[in-house]
Amino acid sequence: MQELFDILDENGNFLNVQEEREVVHSKGLWHRAVVVFLVNSNNQVLLQRRSPLKKKWPNMLDVSAGGHSNVGEFGYETAIRETWEELGIKLERQNIVFIGCTKNSFIKGDIKDNMFNEYYVALSDINVNTLNLQTEEVCEVKFVSLKELKRMMDEGYKELTPKVEAYEFLLKFLDKNKTI
């Protein structure tokens, strides 16, 4: 089944146009995406290791879950859907917190990814051994301390996807809000 995305202008306004994923990425059309961070009560962040089959950043550690918003989806709906699809975790709207949004462009090979990213956080004390991972997307998950996350960021994102703004939003949010 082909994924359809709402197309936006460079200011984030909806254009009342939808396109398939491949067209969006080949033409560099503006669209929406979501990042989800799951944080446990020990203030550890769940990171996923991306599948070796992924075109962008294979085998790298990444945010807890995330993906593109489908036609007509609100960001929180995308957050709930992606977390369920990738990890088998059912989030409820009242348990996720919107922490920010950025405009990003990424070009690699034939992929021109121009998007508005929305960032969300949810408290989740799950057992990583009981998750139902979507193997096309995720090959492993683990909780890391904030100190470990900061170390990976400080070392130039060698083992971490370069989603700089996402990680910075998370750290600022957790610094200001000691509990979720």
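Calculation criteria
- Residues numbered from 1 in each chain as written.
- Predicted model: local features only at pLDDT ≥ 70, side-chain atom pairs only at ≥ 80, totals over all residues.
- Heavy atoms only, no water.
- Helix = DSSP H or I, 4+ residues; strand = E, 2+ residues; numbered from the N terminus.
- Buried < 20%, exposed > 50% of the residue type's maximum accessible area, 1.4 Å probe, protein only.
- Contact = heavy atoms within 4.5 Å.
- Areas by Shrake-Rupley, 256 points an atom, 1.4 Å probe, with all protein chains shown as cover.
- Lys, Arg positive; Asp, Glu negative; His and termini not counted.
- Charge placed at Lys NZ, Arg CZ, Asp CG, Glu CD.
- Core = buried A, V, L, I, M, F, W, Y, C linked by side-chain atoms within 4.5 Å.
- Polar contact = N/O pair within 3.5 Å; in protein donor to acceptor, adjacent residues only side chain to side chain.
- Expected span 1.5 Å × (residues − 1).
- Arc of directions from axis to C-beta.
- Axes fitted to C-alpha atoms, helices over the stretch in contact; angles between N-to-C directions.
- Left-handed = near helix turned anticlockwise from the far one by under 90°.
- Nonpolar A, V, L, I, M, F, W, Y, C, P; charged D, E, K, R; others polar.

Draft legend 1. Here's a closer look at the overall build of the protein. Scanning the protein from terminus to terminus reveals four helices and nine strands. The order of helices and strands in the protein, counted from the N terminus, is β-β-α-β-β-β-β-α-β-β-β-α-α. Seen along its three principal axes, the alpha-carbon backbone of the protein occupies a region of about 45 × 35 × 30 Å. For the protein, buried positions account for 47% of its 180 residues. Looking at the protein alone, contacts between residues at least 24 apart form 60% of all its contacts between residues at least 6 apart. Total accessible area computed for the protein in this model is approximately 9,500 Å², and 49% of it derives from carbon and sulfur atoms. Mean positive and mean negative side-chain charge positions of the protein (23 and 28 charges, respectively) differ by 5 Å.

Draft legend 2. Focus on the nonpolar core. Formed by 23 residues in total, the largest nonpolar core has its most connected members in Phe37, Val45, Leu47, Leu149, Leu160, Tyr167 and Leu170. Only strand S3 (30-39), strand S4 (45-50), strand S8 (111-123), helix H3 (146-154) and helix H4 (164-176) provide two or more residues apiece to this core. It is H4 that contributes the most residues to this core, six residues altogether. Those residues in contact with Leu160 that sit more than four places away from it in its chain are Leu47, Met60, Leu61, Leu149, Met152, Met153 and Tyr167.

Draft legend 3. View of the side chain of Thr102. As for its placement among the helices and strands, Thr102 is situated in strand S7 (residues 96-108). A polar contact of 2.5 Å, which involves the side chain of Thr102, links it to the side chain of Tyr119. Excluding residues that lie within four positions of it along the chain, Thr102 makes contacts with Met115, Phe116, Asn117, Tyr119, Glu165 and Phe169.

Draft legend 4. Structural detail: H4. In a regular helix each residue adds 1.5 Å, so 13 residues correspond to 18 Å; H4 covers 19 Å between its end C-alpha atoms and thus fits that length. Looking at H4, one finds that the buried residues are Ala166, Tyr167, Leu170, Leu171, Phe173 and Leu174. The buried side chains of H4 occupy one side of the element, clustering within an arc of 165 degrees when seen end-on. Projecting away from the buried face of H4 at angles above 90 degrees are the exposed residues Lys172, Asp175 and Lys176. In this fold, the buried residues of H4 make contact with S3, S4, strand S5 (61-62), S7, S8 and H3.

Draft legend 5. Structural detail: unusual backbone geometry. Here the phi dihedral of Trp57 falls at roughly 55 degrees; this positive angle occurs in a residue that is not glycine. Relative to the assigned elements, Trp57 resides in the loop between S4 and S5. Despite not being glycine, Asn59 shows a phi value in the positive range, around 65 degrees. You can see Asn59 is positioned in the loop between S4 and S5. By relative accessible area, which is 39% here, Asn59 ends up partly exposed.

Draft legend 6. Representation of the environment of Lys108. Along the chain, the position of Lys108 falls in strand S7. Distance from Lys108 to Arg151, taken between C-alpha atoms, is 26 Å for residues 43 residues apart in sequence.

Draft legend 7. Local environment of the packing of H3 against H4. The geometry of H3 relative to H4 is characterised by a closest axis approach of 12 Å and an angle of 145 degrees between their N-to-C directions. In the crossing of H3 with H4, the sense of the turn from one axis to the other is left-handed. Mapping the contact onto sequence places Leu146, Leu149, Lys150 and Met153 in H3 and Tyr167, Glu168, Leu170, Leu171 and Leu174 in H4. Residues of the contact of H3 with H4, tallied by class, amount to seven nonpolar, no polar and two charged.

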